[in-house]
Structures are given as structure tokens and as C-alpha cells.
Amino acid sequence: MRIWTGSSGDSQKFQGGVVTVGKFDGLHLGHQKLLEVVRQGPKPWVVLTFDPLPIQVLQPEKHYARLMPKEDLGEQLPKTGVELLYVMKFDQSLAGKSAAEFADGVIWQPFQPKAIVVGYDFAFGKNREGNLAWLERWCGGEQRKIQLHVVKPFELDGQAVSSGRVRAMIEAGAVDQAARLLGRPFYVRGLVIRGAGRGGSIGVPTLNQQVANETLPALGVYATRTRWRGQSMNSVTNVGRVPTFTDQREIHVETHVLNQTVHAYGETVDVDLIQRLRPEKKFTSAEDLKIQIKQDILDATRILG
């Protein structure tokens, strides 16, 4: 799969197929169902998305956080057969384009698609003037004759699967429920850095991550699986402010890998959050914390198998 950023590159190689446009934040089951429709059309299959996301530029006061690290979409899409991921820089200039300017210049001229696939709530162009009715008229123009496919919301447990719904579950600590909507575990990615060494001092050394995620789960302890150098290892992860030892507000992500020692300083590690074990708690002593950690390890081992 090719990834373009900043310019449309040699677009002739990717003309005459299917184009889909959207945020694809988290690539959850709803997005995956949309991509199934894309794969029913002629190749090449092109995904067009934005960085930063439009809401982050147009409504910065909402502090919208991506579900997954930016690199995630580029890592997941090759599994679907998509041939091109075009990541456009979203800024005020792009936001100011009319629907016609965007459709003609960004979709038609580079890709001349035979089909366009979008979600049920799709809209584009200045003031979102390019709604589905507008897009249908544009696709039906004499020079284009593009097939338009509008994908209905995919529902699970009677509700539409959306990035907002997944985010709410993660922020509540319900990572096991979020995984059902994502079709995979929610994970935390980060460079392993040296910490204060407190875990090692009580017999539970940890990997301390400099986290790349914009979205983090509720503070607490989680049963996790740590992915490093092609291995997937059972682990326990604390997401919190280390209240037993400090009064700081900064959130730390510390992972203890079970039954083996991992030396990953300076390397990037992904930690899949499987299930929350308990909220974060301040203990009266390091010994009380050590006793609780032993229980956390037993609970995680039971869950992870």
C-alpha cells in the first residue's frame, strides 16, 4: 500500500477505481463495513483522510482526541487490500473550499473514480454544503457518471458503532467493550523510557511509556498484553498518577510483563488493554501496594490465561 502526504503524487496509477473519504478514526467495525463495500468495486481502492482531523481545526475548543496513534490507519489498511492512503493536510485553506472545489480538485481530477463510497453522515466543503444530496447530483454529472454508495450505520447492541461511542467506553475504562466495537483491542503505544525505578525496588519492574496516544483510558490497573519485537506477552498495566508516591498530575503508563524480563529502553512498545482490574488507589505504604500488585497479577493471569 502507498501512503501519500501533502501532495497527490502520481495519481494516474490510482485512477478508475473506488474512492472513499472520511476520518476513519480507530478503523472500528463501522469503518470496516464501509471498506467491505469499497472492496466490491473496481480497483484501485483509495482511502482519503485528513491530518489533523477537521474537527481539530474547525472546533479546537472541543479538544477532540484521536482514538489511536496517527500511524495506526496506515498499519491497518493494508490488511483490507486498500492500495492508496492519501492523508491530506487539513487547514483553513482546505476548509474554505466549496463543495465543488473539493469534489473537482481533490476527488475527480486526481482519481477520476468509477465509484465513491461514503458513510451515512458524510458532508464536505465550506459549511458542509456538500451533503449527500449534493454529492449525488455531482456524481451524476454527464462528464463523470460516478456510482455513489452511501453506507448505512453499522449497529451493535442496538446502537450505531461510532468513534464517539468507542471513545466513551475507553474513557470509562470499559476497554473490553470498546474492543468489541473496534474488532481488536484498544492499545497504548509509546517509547519506553527510564522511570523512577520504584517498581523494581519492590520486585515488579515496569516498562514506562512516553505515550503517543491522544485518548487514554480511565485511570486504573488493567490486564494487558504487551507487543514487542514480534512477541505478545501477558502483563499488568497501571495508567495513573502514582498517588502512593507523588502528588503530581501527570499521567504515567507503566507495564509489568509477567514471568519474564524485558529490556526495551529506547524502543516503541504497544500494550493491548484487555480488561480493567480496578481503579487507581492511593496506598498507605509501599508494602500495601506490593500486596495489591500481587493480587493484580493473579487477577490478570486468570483473565489472560
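About the cut-offs
Residues numbered from 1 in each chain as written. Predicted model: local features only at pLDDT ≥ 70, side-chain atom pairs only at ≥ 80, totals over all residues. Heavy atoms only, no water. Pairing = 2+ DSSP bridges. Helix = DSSP H or I, 4+ residues; strand = E, 2+ residues; numbered from the N terminus. Axes fitted to C-alpha atoms, helices over the stretch in contact; angles between N-to-C directions. Contact = heavy atoms within 4.5 Å. Buried < 20%, exposed > 50% of the residue type's maximum accessible area, 1.4 Å probe, protein only. Polar contact = N/O pair within 3.5 Å; in protein donor to acceptor, adjacent residues only side chain to side chain. Phe/Tyr/Trp six-rings, centres within 6.5 Å; stacked < 30°, edge-to-face > 60°. Lys NZ or Arg CZ within 6 Å of the ring centre and 35° of its normal. Salt bridge = Lys/Arg side-chain N within 4 Å of Asp/Glu carboxyl O.

Caption draft 1: Quick look at the sheet that holds strand β4 (residues 84–89). Read across the open sheet, the six strands follow the order β1-β4-β3-β2-β5-β6; overall the sheet is parallel. Since the sheet does not close on itself, it has two edges, and those belong to β1 (2–5) and β6 (147–151), each with one partner. Going from strand to strand, the sheet's axes swing by 20° on average, the running direction of each strand aside. Two strands pair when backbone bridges link them, and strand β2 (residues 18–21) and strand β3 (residues 45–51) are joined in this way by four bridges, in the parallel orientation. Its bridge partner lying in β3, V19 is registered against V46. Seen against the sheet, helix α5 (residues 99–111) touches β1, β2, β3, β4 and β5 (115–119) and runs at an angle of roughly 145° to β3.

Caption draft 2: Fine view of the sheet that holds strand β13 (residues 252–257). Reading around the circumference, β9-β10-β13-β12-β11-β14 is the order of the six strands in this closed barrel, with antiparallel pairing throughout. Put simply, the sheet's adjacent strands are angled 45° from each other on average, direction ignored. Lying on the sheet, helix α8 (residues 175–182) is in contact with β9 (186–193), β11 (220–228) and β14 (268–279); it crosses β14 at an angle near 130°.

Caption draft 3: Seen up close, the side chain of D296. Position of D296 relative to the elements: it lies in helix α10 (residues 286–304). D296 gets classed as buried once you look at its relative accessible area, which sits at 3%. A polar side-chain atom of D296 sits 2.9 Å from a polar atom in the side chain of R278. Dropping the residues within four chain positions of it, D296 is found in contact with V221, V236, L277 and R278.

Caption draft 4: A look at the packing of aromatic side chains. Counted according to the given criterion, the structure contains nine aromatic pairs. Ring plane angle 80° and centroid distance 5.9 Å describe the contact between W4 and Y86, whose orientation is recorded as edge-to-face. Placement of W4 in strand β1 and of Y86 in strand β4 is noted, with a sequence separation of 82 residues between them. No difference in accessibility class separates W4 from Y86, as the two residues are buried. Taking the centre distance of 6.1 Å and the plane angle of 65° together, the rings of Y86 and F111 count as edge-to-face. In this pair, Y86 is assigned in strand β4 and F111 in helix α5, connecting sequence segments 25 residues apart. Like F111, Y86 is buried. Taken together, the ring pairs connect F50, F90, F102, F122, F124 and W134 into an aromatic cluster. Directly above the aromatic system of W45 lies the positively charged group of K43, at a separation of 4.9 Å from the ring centroid. Here the basic side chain of R167 rests over the ring of Y64, its NZ or CZ set 4.3 Å away from the ring centre.

Caption draft 5: Looking closely at the pattern of salt bridges. As enumerated under the stated definition, the model contains 16 salt bridges in all. Across the salt bridge formed by R229 and E267, the nearest N and O atoms sit 2.7 Å from each other. Separated by 38 residues along the polypeptide, R229 in the loop between β11 and β12 (231–240) and E267 in the loop between β13 and β14 bring together distant segments of the chain. Notably, a salt bridge pairs D299 with R302, separated by 4.0 Å at the nearest N-O pair. With D299 and R302 both in helix α10, this residue pair falls three residues apart, about one helical turn. Through salt bridges with shared partners, a single network forms among E71, E75, R189, R227, D270 and D272.

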